[in-house]
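Observations on the three-dimensional arrangement
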Amino acid sequence: MPPVINMEKCTGCGVCADICPTDVFCVTEKKKPPIIRYPEECWHCNSCVLDCKWAAIELRIPLPAMMLYVDAPAKAGQ
Ligand code: SF4
Ligand code: SF4
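So, here's what we can say about the structure. In this text the structure is predicted, and so the values were computed from the model without any measurement. (Residues numbered from 1 in each chain as written. Chains lettered and ligands numbered in written order. Predicted model: local features only at pLDDT ≥ 70, side-chain atom pairs only at ≥ 80, totals over all residues. Heavy atoms only, no water.)

To continue, consider the overall build of the protein. If you tally the helices and strands in the protein, you get four helices and four strands. From first element to last, N terminus to C terminus, the protein shows the α and β order β-α-β-β-α-β-α-α. The proportion of buried residues among the 78 residues of the protein is 27%. Carbon and sulfur atoms make up 57% of the accessible area of the protein, which amounts to about 5800 Å² in all. (Helix = DSSP H or I, 4+ residues; strand = E, 2+ residues; numbered from the N terminus. Buried < 20%, exposed > 50% of the residue type's maximum accessible area, 1.4 Å probe, protein only. Areas by Shrake-Rupley, 256 points an atom, 1.4 Å probe, with all protein chains shown as cover.)

Let us look at the site of ligand 1. Neighbouring ligand 1 are C10, T11, G12, C13, G14, V15, C16, P34, C52, W54, A56 and I57. Each residue belonging to the shell around ligand 1 can be placed in one class, and the counts come to nine nonpolar, three polar and no charged. (Near = heavy atom within 4 Å. Nonpolar A, V, L, I, M, F, W, Y, C, P; charged D, E, K, R; others polar.)

Around ligand 2, 14 residues are found, and the nearest of them are C20, C42, C45, N46 and C48. When grouped by side-chain class, the residues that make up the shell around ligand 2 number 10 nonpolar, four polar and no charged.

Looking now at the side chain of H44. Looking at the secondary structure, you find H44 in the loop between β3 (35-36) and α2 (47-51). Judged by relative accessible area, H44 falls into the buried class, the value being 12%. There is a polar contact of 3.0 Å between the side chain of H44 and the backbone oxygen of M1. (Polar contact = N/O pair within 3.5 Å; in protein donor to acceptor, adjacent residues only side chain to side chain.)

Time to look at the environment of W43. Here W43 is to be found in the loop between β3 and α2. A relative accessible area of 55% places W43 in the exposed class. For the pair W43 and A65, spaced 22 residues apart in sequence, the C-alpha to C-alpha distance is 8.3 Å. Ignoring any residue separated from it by four or fewer positions in sequence, one finds W43 in contact with P21 and T22. (Contact = heavy atoms within 4.5 Å.)

Positive phi, normally seen in glycine, also occurs at D23, with a value near 55°. With respect to the helices and strands, the residue D23 is situated in the loop between α1 (15-19) and β2 (25-26). On the accessibility criterion, D23 (49% relative accessible area) is partly exposed. Positive phi, close to 65°, is recorded for K31, a residue that is not glycine. Along the chain, the position of K31 falls in the loop between β2 and β3. Owing to a relative accessible area of 69%, K31 belongs among the exposed residues under this scheme.

What follows is the structure in structure tokens.
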């Protein structure tokens, strides 16, 4: 699932567009929420969610991608 921007929370700072490694976001106007131009390019790294100071981005990470974040040593009991 691509990221979704909460228009009421977004301040249009542009940080998400700056940090997204796959250029999912596109700033078309200063101080306005960016548009999700390439949603299919999102690889669910979660960076935009973590770096948005206003918690304006929601991202549903698909189950296969969530499996990548399993803490392997903890799971193995080490
Ligand atoms: S980082 Fe958050 S507040 Fe800034 S433009 Fe992106 S969604 Fe909006
Ligand atoms: S989760 Fe990662 S790849 Fe997807 S939009 Fe956010 S920063 Fe870009």
